[in-house]
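Chain by chain, the residues run as shown.
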Amino acid sequence: MSIAEIKKSSKVAAVDFIPAWGDLNGNIQRLVEATEKVATQGVNYAVFPETAVSGYLFSDSTELAPYLDTIPGKTTAAILPVLARTGMYMSVGIAERDSETGLAYNSAVLMGPEGIIGKYRKIGLNSQDQKVFAPGNTGVKTFETPIGRIALLICYDDTYWQYVRLAALEGAQIVGWHSVSDRMMPNATPAEMLGDHSTVAHVQHMSAFNGLWVICATRSGIETNPITKGQLYYNGGSSVWSPSGHKVAQSPVLSPLELEPGLNGIYCATIDLDEADKQRDALLAKRRPELYFPTLAFHRSPTDINATETVIQTTLIAAQWEKSISKLDAIQVGENELLVLPELSALPYTNDPNLILSHAEKQGGAFEQTLCQAAHQGKGYIVGSYPEIEIDKVFHTVILAGPSGEILARYRVTHLNERDSGWATAGSAVSVTATPIGRIALAAAHELDVPELGGLYSMLRADILAAPAGIPCDLKVEIDSHLFSVEEPPTGRVDFIPYAIATLNQLWVVCGGRNERDSTSAAIYGPEPVVLTPTLTAQRGAEDVRLQAQVPAPFTWINQERLVSGQQAIWFPPLTQ
């Protein structure tokens, strides 16, 4: 297909469609009717939810078997004539039976006027999927169409940063994400509530880290399994996200409601493929694949002996300073506390390379001595960063000082931002240090927009990522506040990138930072911010924000061990190339 044939601007839609449980033929007819209605709105590409022709809540494979379809099959045969007549493209989730093996897959199929373009079988299976579906075996592929390069993903895939990254590396411009984002019913037992989560509450990272248009279709309403009487409800929130990580359209987020099967809403946006290409290429250019091999290509056992096993109580502290000052001379920390300072901690915030270089010093110099003395005096741990000079090179170096009054770890920033690249040489190794308060990883907050870095630290079983930050970021958490069960949801006030790194890698992220007007980069980010660990930002005028924390972090439906065990390393070698 030539570049001239690609439609640079298109109208897309995330469609809220509700299937009736176990009504294959009826749902196919409802899907055809919904497709007709969506096409009348001038939509070029529509995304429908996961398992849209069977329903989702099945207790075992025998129960689901009568409602499986093949690809091609009944569903595609019914829909393709509509697409041929209207010119629309669409993707939809189907509980698929492989015609050769008989295995069931949680699949999505991409179709257009020319027929079936391709399919994807879900790789990131959650515990409910594993009752009825085999792990996907298609890989993550990007499909060429006249409206752009489209990749397909399904629901729990967004728990893992890798799958959408693989699509970006294949040059995707658009991701169609098909979900049934389920929540526990209000009358669920406390034990059942430990499994509560909202998948659609995580989708912002897919666009923000990868520079793609992401079209997220999920459903609403209560689903009841008539055999087991089990129930889930789907909270809505279908949405469209721009390549810069901003939300451009969204359906309402709903409490449990009994809704009629069929079309429940169409949520549209106009997309520009050039915007995706520009943003994606800029983000991918920051990668350093030579750092990621072999850790990101090899499967790590969830029983990794390096992982922290004993639950530890500690205090996490993120210092907050004004832009124009450094409070290095006044730092204090208590016994077994971890204090993280703003980046380039001996300076006021600056982009001036000459000012930064004027503070460059060798290892063991005044900066390191100051942190060591304060850590020793308080019997705690302190993290800060400084320009470190070594012969003819200068590094942006993050250090961890411990209660013995010694430097426990040094990390030279590996992924430089535009400011650092003007004066610093990139480092060549990551850093994780075992301490009595947990395994502490080091980074600069600005480099966390390369998700591979957080991924490395998760696989190395870090408990805490200490990441000194500069000024607040423009990109905030834009996830609908109604999707959060915690008090004080972070929507609109919390820097998104460290927030996402915490949850995608199931660790604490602590950022000492600066305040600017009513915003701050001084924050503590927990690994399960939707239902358990609220994000804490420093209040205006406060010297810091602190939290009595558990290490490893407490968990509900997932933790780092479960995260690691759910990854299928067979797909990951492209991340290291």
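The preceding data block contains the structure.
Predicted, not measured: the structure shown is a model, and the values here were computed from it.

Rules used throughout
- Residues numbered from 1 in each chain as written.
- Predicted model: local features only at pLDDT ≥ 70, side-chain atom pairs only at ≥ 80, totals over all residues.
- Heavy atoms only, no water.
- Helix = DSSP H or I, 4+ residues; strand = E, 2+ residues; numbered from the N terminus.
- Rg over C-alpha atoms; globule rule 2.2 N^0.38 Å.
- Buried < 20%, exposed > 50% of the residue type's maximum accessible area, 1.4 Å probe, protein only.
- Areas by Shrake-Rupley, 256 points an atom, 1.4 Å probe, with all protein chains shown as cover.
- Pairing = 2+ DSSP bridges.
- Axes fitted to C-alpha atoms, helices over the stretch in contact; angles between N-to-C directions.
- Contact = heavy atoms within 4.5 Å.
- Salt bridge = Lys/Arg side-chain N within 4 Å of Asp/Glu carboxyl O.
- Core = buried A, V, L, I, M, F, W, Y, C linked by side-chain atoms within 4.5 Å.
- Phe/Tyr/Trp six-rings, centres within 6.5 Å; stacked < 30°, edge-to-face > 60°.
- Lys NZ or Arg CZ within 6 Å of the ring centre and 35° of its normal.

Asks: Help me understand the overall build of the chain in this model?
Replies: Looking only at helices and strands, one finds 12 helices and 29 strands in the chain. Relative to the globule expectation of 25 Å for 577 residues, the C-alpha radius of gyration of the chain, 24 Å, shows essentially globular dimensions. If one aligns the C-alpha atoms of the chain with their principal axes, the spans along those axes are about 75 × 55 × 45 Å. Burial statistics for the chain: of 577 residues in total, 62% are counted as buried. Carbon and sulfur atoms form 50% of the exposed surface of the chain, whose accessible area is close to 20,900 Å².

Asks: Help me out: how do you make sense of the sheet that holds strand 6 (residues 142-145) in this one?
Replies: Paired through backbone hydrogen bonds, the strands of a sheet run either parallel or antiparallel to each other. With mixed pairing, the six strands of this open sheet are ordered in space as 6-7-8-10-13-14. Of all strands in the sheet, those with a lone pairing partner are strand 6 and strand 14 (247-250), marking the two edges. The sheet shows a mean angle of 20 degrees between the axes of neighbouring strands, direction not considered. Of the pairings in the sheet, the one linking strand 6 to strand 7 (residues 148-154) comprises four bridges and is antiparallel in character. Within the sheet, the bridge partner assigned to Glu144 lies in strand 7 and is Arg149.

Asks: Would you take a moment to explain the environment of Gln231 for this structure?
Replies: As for its position among the elements, Gln231 is in strand 12 (residues 231-235). Residue classification places Gln231 among the partly exposed residues on the basis of a relative accessible area of 33%. Sequence separation of Gln231 and Ala188 is 43 residues, and the distance between their C-alpha atoms is 9.4 Å. Leaving out residues up to four positions away in the same chain, Gln231 has contacts with Leu57, Met185, Ile222, Glu223, Thr224 and Glu258.

Asks: For this particular structure, what's the right way to read the sheet that holds strand 12?
Replies: The three strands lie next to each other as 9-12-11, forming an open sheet whose pairing is antiparallel. Each edge of the open sheet carries a strand with a single partner, namely strand 9 (182-183) and strand 11 (220-224). The sheet contact formed by strand 11 and strand 12 spans five bridges and is antiparallel. Each residue of the ladder has a partner; that of Ile222, found in strand 12, is Tyr233.

Asks: When you look at the pattern of salt bridges in this model, what are you seeing that I'm missing?
Replies: Where side chains of opposite charge bring their charged atoms close, a pairing between them can arise. Under the definition given, this model contains 27 salt bridges. One salt bridge connects Glu36 with Arg85, and the closest N-O pair in it is separated by 2.6 Å. Of this pair, Glu36 sits in helix 1 (residues 24-39) while Arg85 sits in helix 3 (residues 74-86); the two residues are 49 residues apart in sequence, bridging distant segments of the chain. We classify Arg85 as exposed; its relative accessible area is 55%. Asp277 is the partner of Arg149 in a salt bridge, and the nearest nitrogen-oxygen pair spans 3.2 Å. Separated by 128 residues along the polypeptide, Arg149 in strand 7 and Asp277 in helix 7 (residues 273-284) bring together distant segments of the chain. The same class applies to Arg149 as to Asp277, namely buried. Beyond isolated ion pairs, a larger network of salt bridges with shared partners links Glu96, Asp98, Lys119 and Arg121.

Asks: Could you clarify how one ought to interpret the nonpolar core in this entry?
Replies: Counting residues in hydrophobic clusters, the biggest one holds 124 residues, and the most contacted among them are Tyr45 and Leu338. When residues of this core are assigned to their parent elements, the largest contribution, seven residues, is made by helix 11 (residues 496-505). Contacts of Leu338, omitting those with residues within four sequence positions, involve Thr314, Thr315, Leu316, Ile317, Tyr381, Val383, Leu400, Ile437, Ile440 and Ile464. Ranked by size, the runner-up nonpolar core spans 25 residues in total, among them Leu24, Ile28, Val38 and Phe48.

Asks: Hey, could you run me through unusual backbone geometry in this one?
Replies: What is expected of a backbone is that most residues other than glycine have negative phi and most peptide bonds are trans. Residue Pro72 is bonded to the preceding Ile71 through a cis peptide linkage, with omega at 0 degrees. With respect to the element layout, Pro72 can be found in the loop between helix 2 (61-64) and helix 3. You will see that Asn336, though not glycine, has its phi angle at about 60 degrees, which is positive. Within the fold, Asn336 resides in the loop between strand 16 (312-322) and strand 17 (337-340). Positive phi, normally seen in glycine, also occurs at Lys379, with a value near 60 degrees. In this fold, Lys379 is placed in the loop between helix 9 (366-378) and strand 18 (381-390).

Asks: Where do I start with the packing of aromatic side chains in this structure?
Replies: The relative placement of two aromatic rings is captured by the distance of their centres and the angle of their planes. Taken as a whole, this structure holds 11 aromatic pairs when the rule is applied. For the ring pair Phe58 and Tyr67, a centre distance of 5.8 Å and an interplane angle of 35 degrees mean the geometry is tilted. Above the ring of Tyr105, the side-chain terminus of Arg121 is found at 3.9 Å from the ring centroid. Its guanidinium or amino end placed over the ring of Phe395, Arg412 lies 3.9 Å from that ring's centre, counting from NZ or CZ.

Asks: Any chance you could explain helix 4 (residues 161-169) here in plain terms?
Replies: In an α-helix, one full turn covers 3.6 residues, which means residues spaced three or four apart are oriented alike. Within helix 4, eight of the nine residues are buried, which leaves the element mostly enclosed by the surrounding structure. Buried residues of helix 4: Trp161, Gln162, Tyr163, Val164, Arg165, Leu166, Ala167 and Ala168, and no others. Following helix 4 by one or two positions, Gly171 has its phi on the positive side, about 90 degrees.

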